[in-house]
Amino acid sequence: MSDQQKAAVALDIALDATRLALAAAGAILVGIGGWLHYPPLGFAAGGAMLYAVAVIGALKAKS
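Residues numbered from 1 in each chain as written. Predicted model: local features only at pLDDT ≥ 70, side-chain atom pairs only at ≥ 80, totals over all residues. Heavy atoms only, no water.

K.L.:
Quick question: what am I supposed to make of helix H1 (residues 3-37) here?
P.N.:
Side chains that are three or four residues apart share a direction in an α-helix, a result of its 3.6 residues per turn. Counted at 1.5 Å a residue, the expected span for H1 with its 35 residues is 51 Å, and the 51 Å between its end C-alpha atoms agrees. Every buried residue of H1 is accounted for by Ala 23, Gly 26, Ala 27, Gly 31 and Gly 34. Contact partners of the buried residues in H1: helix H2 (39-62). (Helix = DSSP H or I, 4+ residues; strand = E, 2+ residues; numbered from the N terminus. Expected span 1.5 Å × (residues − 1). Buried < 20%, exposed > 50% of the residue type's maximum accessible area, 1.4 Å probe, protein only. Contact = heavy atoms within 4.5 Å.)

K.L.:
How should a nonpolar patch on the surface be read in this particular structure?
P.N.:
On the surface, a cluster of nonpolar side chains totalling about 620 Å² of accessible area is made up of Ile 28, Ile 32, Trp 35, Leu 36 and Phe 43. Examining the composition of the nonpolar patch, we find that 4 residues originate from one element, H1, more than from any other. Assessed through its relative accessible area of 70%, Phe 43 is described here as exposed. (Patch = residues over 30% accessible without salt bridge, like charges linked within 9 Å, V, L, I, M, F, W, Y side chains within 5 Å. Areas by Shrake-Rupley, 256 points an atom, 1.4 Å probe, with all protein chains shown as cover. Salt bridge = Lys/Arg side-chain N within 4 Å of Asp/Glu carboxyl O.)

Spelled out as structure tokens, the structure:
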């Protein structure tokens, strides 16, 4: 594997980690917002967002 290919793989890994961190932060904010509106909704909204992130991640990994 050439240095250019290694750099591309490292960049992909860094971008995936950044996307994961942003998704986690977004799920936390959605959960807090839902909880402020109606406490049980916070867990449901945050869980639904994490489920959507997992499905999108699985579809991305499959292709």
